[in-house]
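Coordinate analysis (summary)
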Amino acid sequence: MQIDGHAYRTIWVDPEDRWSVRIIDQTRLPWALEILRLTTLDDAAHAIRAMLVRGAPLIGATAAYGLCLALRADPADAALERAATTLAATRPTAVNLRWALDRMLARLRPAAPGARLAGAYDEAARIADEDAAQNAAIGRHGQTLIETAAARPGRPAGPVNVLTHCNAGWLATVDWGTAIAPIYAAHNAGIPVHVWVDETRPRNQGASLTAYELGKHGVPHTVIADNAGGHLMQHGQVDLAIVGADRVTRTGDVANKIGTYLKALAAKDTGVPFWVAVPSSTIDWTLADGVAEIPIEERAAAEVATLTGRTEAGAVMTIRVIPDGSAAANPAFDVTPARLVTGLITERGRCPATAEGLLGLFPERR
Ligand code: MRU
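About the criteria used
- Residues numbered from 1 in each chain as written.
- Predicted model: local features only at pLDDT ≥ 70, side-chain atom pairs only at ≥ 80, totals over all residues.
- Heavy atoms only, no water.
- Pairing = 2+ DSSP bridges.
- Helix = DSSP H or I, 4+ residues; strand = E, 2+ residues; numbered from the N terminus.
- Axes fitted to C-alpha atoms, helices over the stretch in contact; angles between N-to-C directions.
- Contact = heavy atoms within 4.5 Å.
- Salt bridge = Lys/Arg side-chain N within 4 Å of Asp/Glu carboxyl O.
- Buried < 20%, exposed > 50% of the residue type's maximum accessible area, 1.4 Å probe, protein only.
- Near = heavy atom within 4 Å.
- Polar contact = N/O pair within 3.5 Å; in protein donor to acceptor, adjacent residues only side chain to side chain.
- Nonpolar A, V, L, I, M, F, W, Y, C, P; charged D, E, K, R; others polar.
- Parallel < 35°, antiparallel > 145°, perpendicular 65-115°, else oblique.
- Left-handed = near helix turned anticlockwise from the far one by under 90°.
- Right-handed = clockwise from strand over helix to strand, strands pointing away.
- Domains from an automatic or database assignment.
- Buried area = accessible area lost by both parts, 1.4 Å probe.

Description of the sheet that holds strand β7 (residues 193–198)
- With respect to topology, 7 strands assemble into an open sheet ordered β8-β7-β6-β9-β12-β17-β18, the strand pairing being mixed. In the strand order of this sheet, the two ends are held by β8 (221–224) and β18 (349–351), each with one partner. Sheet twist, expressed as the mean angle between neighbouring strand axes with direction ignored, is 25°.
- Note: strand β9 (residues 240–243) against strand β12 (residues 274–277), 3 bridges, orientation parallel. Paired with isoleucine 242 across the two strands is tryptophan 275, which belongs to β12.
- Across the face of the sheet, helix α5 (residues 116–150) comes into contact with β6 (160–164), β9, β12, β17 (343–346) and β18 while running at roughly 135° to β17.

Brief notes about the pattern of salt bridges
- In total, this model carries 24 salt bridges according to the counting rule given.
- As a salt-bridge pair, glutamate 123 and arginine 103 come within 2.8 Å of each other at their nearest N and O atoms. In this pair, glutamate 123 sits in helix α5 while arginine 103 sits in helix α4 (residues 95–108), placing the two residues 20 residues apart along the sequence.
- Note that arginine 247 and aspartate 284 form a salt bridge whose closest N and O atoms lie 2.7 Å from each other. Within this pair, whereas arginine 247 is found in strand β10 (residues 247–249), its partner aspartate 284 is found in strand β13 (residues 283–284), the two being separated by 37 residues in sequence.
- The buried category is assigned to aspartate 284, whose relative accessible area is 8%.
- Each member of the salt-bridge network shares a partner with another, and the members are Arg103, Arg107, Asp122, Glu123, Arg126 and Glu130.

Details of the sheet that holds β10
- If you walk across this open sheet you meet the 4 strands as β13-β10-β11-β16, and the pairing is mixed. With one partner strand each, in any of the chains shown, β13 and β16 (333–336) form the two edges of the open sheet.
- Of the strand pairs in this sheet, β10 and β13 are connected by 2 bridges, and their pairing is parallel. Considered in β13, the bridge of valine 248 is made with isoleucine 283.

Structural notes on the site of the ligand
- The environment of the ligand is made up of 19 residues, and the closest members are Arg91, Gln205, Asp246, Asn256 and Lys257.
- Here aspartate 246 contributes a side-chain N or O atom positioned 2.8 Å from an oxygen atom of the ligand.
- In the environment of the ligand, an oxygen atom lies 2.6 Å from a nitrogen or oxygen atom belonging to the side chain of lysine 257.
- In terms of residue class, the shell around the ligand is made up of 8 nonpolar, 7 polar and 4 charged.

Some points on the packing of helix α1 (residues 41–49) against helix α3 (residues 77–88)
- As a packed pair, α1 and α3 sit with axes 9 Å apart at the nearest point and diverge in direction by 20°. Classified by the angle between their axes, α1 and α3 sit roughly parallel to one another. With respect to the hand of their crossing, α1 and α3 are arranged in right-handed fashion. Where α1 approaches α3, its residues Leu41, Ala44, Ala45 and Ile48 are matched on the opposing element by Ala83, Thr86 and Leu87.
- Residues that form the contact of α1 with α3 fall into these classes: 6 nonpolar, 1 polar and no charged.

Observations regarding the pairing of β7
- Summarising burial for β7: 6 of the 6 residues are buried, a large majority.
- The pairing of β6 with β7 spans 5 bridges and is classified as parallel. Across the sheet, threonine 164 pairs through a bridge with valine 197, a residue of β7.
- For the crossover that starts at β6, traverses helix α6 (residues 181–188) and ends in the parallel β7, the hand is right-handed.
- For the segment spanning β7, helix α7 (residues 205–217) and β8, crossover handedness is right-handed.

Remarks on the domain arrangement of the protein
- One can read the domain layout of the protein as domain 1 (2–130) and domain 2 (154–365).
- The C-alpha centroid of domain 2 is placed 24 Å from the C-alpha centroid of domain 1.
- Counting residues at the interface gives 31 residues for domain 1 and 35 residues for domain 2.
- In this assembly, domain 1 packs against domain 2 so that about 2,700 Å² is buried in total across both faces, 59% of it on carbon and sulfur atoms.
- The interface formed by domain 1 and domain 2 includes 2 salt bridges.
- A salt bridge links lysine 216 to aspartate 4; its shortest N-O distance comes to 3.0 Å.

What follows is the structure in C-alpha cells.
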C-alpha cells in the first residue's frame, strides 16, 4: 500500500544486498516512519516479540524470513530446529507463526544443508506473496458486504459505517490487510465508506496504526474509545463490523485482540452483522473449542499502566496512567464464540462460522 506516494509492503528483502530483511518499525508509528534492517535470527525474534512487527499474517512472514537469516549463520539440521523453536516461542496466540514455520520446515528439512538457503528465501517469498494475494481476494469477497449494506432499503443516505477493532489492515499483514481489505476495495471502487476505529487499548493499534493507514489511503474514519461501539450500534450508526483474527478454530471460534468479544456481544444484541476476515493460514484445523484451547498471550502490565503519545511540542513520551502501587493485568486476546459471528471472509469466499461452513470452502480438510 501507499505511504505518501511510495508503495510499501510491511516486509521485504533488501533489493541491494538481496539477503537482509527490511521491516517498518510499527512501535514508532504514527509518529515516525522508520525502516529497520534485520540481519540475524535474534533480530527477527526480537522484532516479533517486541511487536516491531505484529498482526498474525505478518508475524508468520517475519518468522519465515527469520529462518532464512538463521540459515545464513548455520544451515545444519540442529541449527535449523533450534531456530524454529526460538521463533515459535516469540508469541503464542497467532497460529500463522506455527503455520509459517511448519511450511518452511517441510521444505527445508529434506534438503541438504548446503542447498537450504536458496530454498528458504524462495519459500519465504512465496509465503509473503501468497499472503498479499489472499488478502486482496478477501477484499473482493468482503467488498460485496459493503455494497449490500449501501443498498439496504430504507437505509439513511450517507457512507456505509464499518466498525473495526485493533489493526487488521495492511500493516498487520504483508499487504492489503484482512478486515480492512474489503474497506480498501470498496473505497477504491467509489463506494462511500466510513470507518469507526476502536482505539484498542492497551497498545492502541487502532488509534495509532489503523487510523494511520486509513488516513494515508484517504479513507474517512473516526477513532473512538473502545467502549463506544455498543452505543453507536444501538443508535444505528454501525452498518457492519469487520475484524481480523489471530486464530480461528475449525468450528469457527475466533481469537482476536482483547475486546473483540465485547463488540461481538453488542453486535448480536443490536442485530449488527459481525464479520471476521481471515486468510486460511489463520485457521487452526486442530482445535474445536476456542475458549478452552486457544492460548491467550499475557503481556506486560506496563502496557496497561502507561500510555505513549506525542506532546504538542513534538516529543514522544510515555506516561503512567494508574496509581503507583495498583496492579495491572494484560490479557492480549479474547475468544469470540462462533455463535456470535455472522460469517467468515476468506480468500476462497464467505462462509458461516461453523465446521461445515469452513469445510465447504476448504473441502481438502475433510
Ligand atoms: O497484538 P497484535 O497487534 O499482533 O494483534 C493483532 C490482532 O489482533 C489483529 O486483529 C489480528 O492479528 C488480525 S491481523 C490481520
